[in-house]
Amino acid sequence: MWLVAGKILCNGVTIMDSAGPGEPILTELLLENVSVGALSGVSLVVPAGQVVCLSGPSGSGKSRLLRAVADLEPHGGGISLGGTCQQDMPAHEWRSRVVMVPADSQWWFDEVGGHFPTDAGSRLPSALGFPSEVMGWSVSRLSSGERQRLALWRALSLQPEALLLDEPTANLDGSSTETLETWLLEEIRRRQIATLWVAHDPGQIHRVADAHYRIHGTRVEPVHGSD
Amino acid sequence: MEVIDLAWWKLGLAALLVLALGVSGYIARLGITRSLLIAAIRTVIQLALIGLVLEALFASSAFYWIALLAVVMLLIAGREVVARQGRRLQGWWAFGIGTGAMLVSSFTVTVLALTVVIGPDPWYAPQYAIPLLGMMLGNTMTGVSLALDRLNESVWRQRGVIENRLMLGQTWQQALEDIRRDAMRSGMMPSINAMAAAGIVSLPGMMTGQILAGSPPAVAVKYQILVMLIITAATGFGAVMAVSWGGRRLFDDRERLRLDRLVKS
């Protein structure tokens with residue numbers, strides 16, 4: 001259903017047609033038999049414009065799996081975006097299409113604006129709650145929550161086709177968490193971004209997830225229904 | 001003008017000064033005595049030996065002996081570059097990159113200076129070739145080891161920044177840009193400072209030596225200018241090569257940062 005017609009998967013298997021001719025091809029993110037660290041045999045699909053949540057105990061390898069999808073960590077198995085295999089394009093091109101936002105974002109210039117394209121200040125969404133002068137602010141005066149919100153905007157301003165979010169609301173309080181979720185979901189739907197979202201709060205997973213997978217030992221298993 | 005030879009016992013007087021420093025350091029518990037004495041003894045032995053080697057070399061001036069000495073000097077400098085890095089690349093990479101950079105830069109510049117600029121006959125005449133190569137290697141060694149040390153240390157400390165830049169789709173060169181600039185600056189700083197201070201704050205050692213040996217200052221000055229310029233060029237090119245090879249090795253073919261390739265010395 002989510003697979004593109006007659007394509008060859010990254011592990012060499014050919015899948016025959018399920019989408020008819022003329023149907024729009026959406027850029028879904030596909031993991032096939034991925035192994036990294038203790039995890040193995042991870043297969044899942046993140047359709048365009050949808051959120052797949054990933055949860056599991058700390059230290060179970062959630063972040064490592066995201067890093068493997070971003071190709072920052074050596075891994076086994078095949079990963080593809082819209083039918084193009086990760087290994088078939090230069091790594092930096094892959095990462096500009098499949099953008100990861102880590103749990104602790106890093107800032108290397110003195111001013112916020114240096115990390116963004118020049119016109120990012122004027123297009124700053126109001127949902128983030130920053131005045132447009134934020135681009136002139138010094139990074140050192142940002143709180144951890146502000147850094148996290150700006151890191152999300154930094155990733156989105158790259159026009160990614162897939163997003164890998166590592167606990168994007170970890171440093172936010174209850175009300176700003178929900179504001180941010182609403183804004184993120186709206187962007188994800190509007191731009192049709194395939195999103196893999198690491199979360200631990202069941203409430204958040206319930207609010208944002210189209211599908212939910214949980215790590216059990218070395219396996220990633222789908223969670224059905226609400227629990 | 002005849003050079004005044006120094007009797008060995010007169011050097012003993014200078015040694016007494018160092019010994020006095022060592023004793024004061026011991027009494028004041030400054031913790032420098034041991035390394036000071038070992039370094040002083042090393043200087044005496046190493047220089048006495050190289051004196052013998054140079055005497056023999058000047059007498060024979062056969063090309064292969066000179067080449068052999070040059071290679072030995074290069075390998076020792078390569079070992080020293082490895083030893084001076086707090087974190088270094090695993091395996092033979094640290095030695096290979098340092099030595100390779102010094103080989104290409106110092107040897108090329110020395111040969112160029114000998115054949116084109118100075119022009120002794122034969123071009124490898126040991127009176128010119130060995131001291132020139134020694135100065136090249138000594139300075140390139142400092143530059144290359146400072147640059148590599150800074151590169152590896154900064155990459156280690158700024159892992160998060162580099163990986164975050166990679167996550168945003170930057171190439172490994174872009175993600176390493178600032179660190180590479182820092183590493184180059186720290187490799188080049190000693191040469192640039194030496195050039196800036198030359199003649200005003202310090203009289204460079206080689207020029208002083210030539211004047212002591214009876215050369216007219218005008219000649220000594222020209223040699224000193226030549227040497228400082230080519231030292232800076234050799235150090236700069238050496239550091240550029242070391243930083244770009246070392247930086248490349250810190251990433252794999254998928255542009256992933258590979259800190260597992262660094263070991264603490």
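Residues numbered from 1 in each chain as written. Chains lettered and ligands numbered in written order. Predicted model: local features only at pLDDT ≥ 70, side-chain atom pairs only at ≥ 80, totals over all residues.

Novice: Describe the pairing of strand β9 (residues 162-166) of chain A, with residues and values.
Specialist: Residue and element names in this part refer to chain A. A large share of β9 lies buried, amounting to 5 of its 5 residues. Of the two faces of β9, both are covered, the one formed by Ala162, Leu164 and Asp166 as well as the one formed by Leu163 and Leu165. Of the pairings in the sheet, the one linking strand β8 (residues 98-101) to β9 comprises 4 bridges and is parallel in character. Within β9, the residue paired with valine 101 across the bridge is leucine 165. For the crossover from β8 across helix α3 (residues 144-156) to β9, the handedness is right-handed. (Buried ≥ 20, exposed ≤ 12 C-beta atoms within 10 Å, placed from the backbone. Helix = DSSP H or I, 4+ residues; strand = E, 2+ residues; numbered from the N terminus. Pairing = 2+ DSSP bridges. Right-handed = clockwise from strand over helix to strand, strands pointing away.)

Novice: So, the confidence of the model for chain A: which residues are in play, and what are the values?
Specialist: Chain-level statistics for chain A give a pLDDT mean of 88 and a share of 88% at 70 or above. Low pLDDT, under 50, characterises residues 1-7 of chain A; the predicted model gives this stretch 15 contacts beyond four residues in sequence or across chains. (pLDDT = per-residue confidence, 0-100. Contact = placed C-beta atoms within 7 Å.)

Novice: Residue-level account of the domain arrangement of chain B, with values.
Specialist: All names here are of chain B. Looking at the assigned domains, one finds that chain B contains domain 1 (1-60) and domain 2 (61-264). Between domain 1 and domain 2, the residue contacts involve 7 residues of the former and 10 residues of the latter. Partitioned by chemical class, the residues of the side of domain 1 that touches domain 2 number 6 nonpolar, 1 polar and no charged. (Domains from an automatic or database assignment. Nonpolar A, V, L, I, M, F, W, Y, C, P; charged D, E, K, R; others polar.)

Novice: So, the sheet that holds strand β11 (residues 211-216) of chain A: which residues are in play, and what are the values?
Specialist: Residue and element names in this part refer to chain A. The mixed open sheet is built from 6 strands, whose spatial order is β8-β9-β10-β5-β11-β12. Two strands lie at the open edges of the sheet, namely β8 and β12 (219-223), each paired on one side alone. Averaged over all adjacent pairs, the angle separating strand axes in this sheet is 20°, with direction ignored. (Axes fitted to C-alpha atoms, helices over the stretch in contact; angles between N-to-C directions.)

Novice: Describe the interface of chain B and chain A, and please don't skip the residues or the numbers.
Specialist: With 14 residues of chain B at the interface, the matching set in chain A holds 17 residues. Per-element accounting of the side of chain B that touches chain A gives the leading share, 6 residues, to helix α6 (residues 159-167) of chain B.

Novice: Tell me about the nonpolar core, and name the residues and values.
Specialist: In terms of nonpolar packing, the biggest core is built from 104 residues, with Val69(A), Leu164(A) and Ala147(B) touching the most fellow members. Considering each element in turn, this core owes the most residues, 14 residues, to helix α5 (residues 126-157) of chain B. Dropping the residues within four chain positions of it, Leu164(A) is found in contact with Leu66(A), Val69(A), Ala70(A), Val98(A), Met100(A), Val101(A) and Leu196(A). (Core = buried A, V, L, I, M, F, W, Y, C linked by C-beta atoms within 7 Å.)

Novice: Run through the packing of helix α3 (residues 63-83) of chain B against α5(B), naming residues and quoting values.
Specialist: Residue and element names in this part refer to chain B. The geometry of α3 relative to α5 is characterised by a closest axis approach of 9 Å and an angle of 15° between their N-to-C directions. In terms of their interaxial angle, α3 and α5 are classed as roughly parallel. Between α3 and α5 the crossing geometry is right-handed. Here Ile66, Leu69, Ala70, Met73, Leu74, Ala77, Glu80 and Val81 of α3 lie close against α5, whose contacting residues are Pro126, Ala129, Ile130, Leu133, Gly134, Leu137, Met141, Val144, Ser145 and Leu148. Here the contact of α3 with α5 is composed, by residue class, of 15 nonpolar, 2 polar and 1 charged. (Parallel < 35°, antiparallel > 145°, perpendicular 65-115°, else oblique. Left-handed = near helix turned anticlockwise from the far one by under 90°.)

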